[in-house]
Amino acid sequence: MDPWIGRFGRLAGDLLSRCVIVVVLFFLMRRAWLKLLDAAEYGDATNMLAIPIWPFYGMIMLGAALYAMVLIIQLGDILRGKRGDHG
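Please read these numbers as outputs of a predicted model, since none were measured by experiment.

Novice: Residue-level account of the overall build of the protein chain, with values.
Specialist: Helices and strands together make up the secondary structure of the protein chain, namely two helices and zero strands. On C-alpha atoms alone, the protein chain measures out to a radius of gyration of 19 Å, which is more than a quarter above the 12 Å that the 2.2 N^0.38 rule sets for 87 residues. By principal-axis analysis of the C-alpha atoms, the protein chain measures approximately 55 × 25 × 20 Å. Buried residues in the protein chain amount to 18% of all 87 residues. By sequence separation, contacts in the protein chain at least 24 residues apart represent 67% of the contacts at least 6 residues apart.

Novice: Account for helix α1 (residues 2-42), naming residues and giving values.
Specialist: Taking 1.5 Å of rise per residue, the 41 residues of α1 would be expected to cover 60 Å, yet its terminal C-alpha atoms sit only 52 Å apart, more than 12% below that figure. Where α1 bends most, at Phe8, the angle is about 75 degrees. Those residues of α1 that fall on the buried side of the exposure criterion are Gly9, Asp14, Arg18, Val22, Leu25, Met29, Ala32, Leu36 and Ala39. Summarising the contacts, the buried residues of α1 are in contact with α2 (54-80). Two residues or fewer past α1, Gly43 is found with a positive phi of approximately 65 degrees.

Novice: Report on unusual backbone geometry, specifying residues and quantitative values.
Specialist: Here the phi dihedral of Ala50 falls at roughly 55 degrees; this positive angle occurs in a residue that is not glycine. Here Ala50 lies in the loop between α1 and α2. Given the relative accessible area of 52%, Ala50 is considered exposed.

Novice: For the pattern of salt bridges, give the residues involved together with the corresponding values.
Specialist: Counted by the stated rule, this structure contains two salt bridges. Note that Arg18 is salt-bridged to Asp14, the shortest N-O span being 3.7 Å. Here Arg18 and its partner Asp14 are both found in helix α1, four residues apart, which amounts to about one turn of the helix. For Arg18, a relative accessible area of 13% translates into the label buried.

Conventions adopted
Residues numbered from 1 in each chain as written. Predicted model: local features only at pLDDT ≥ 70, side-chain atom pairs only at ≥ 80, totals over all residues. Heavy atoms only, no water. Helix = DSSP H or I, 4+ residues; strand = E, 2+ residues; numbered from the N terminus. Rg over C-alpha atoms; globule rule 2.2 N^0.38 Å. Buried < 20%, exposed > 50% of the residue type's maximum accessible area, 1.4 Å probe, protein only. Contact = heavy atoms within 4.5 Å. Expected span 1.5 Å × (residues − 1). Bend = angle between axes of the 7 residues up to and from the residue. Salt bridge = Lys/Arg side-chain N within 4 Å of Asp/Glu carboxyl O.

Right, dumping it as structure tokens:
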């Protein structure tokens, strides 16, 4: 599809997709944070091994935050023209 949409289409697609993903990751992080707080407050743990669940929500939140940071850096690179994909 690259020849059909041209440089501007690729640029717009890259910007739009990264912005949408950052917003979705923000909501995922927010939800994981709330679940982490609930799990910590109520002492939620696995049934058989009694492993606390809250650290796993923290890992989900951390992973989403790190990926969002990568996407934001990529957005900055695209806007500054450092990526050669868009000419």
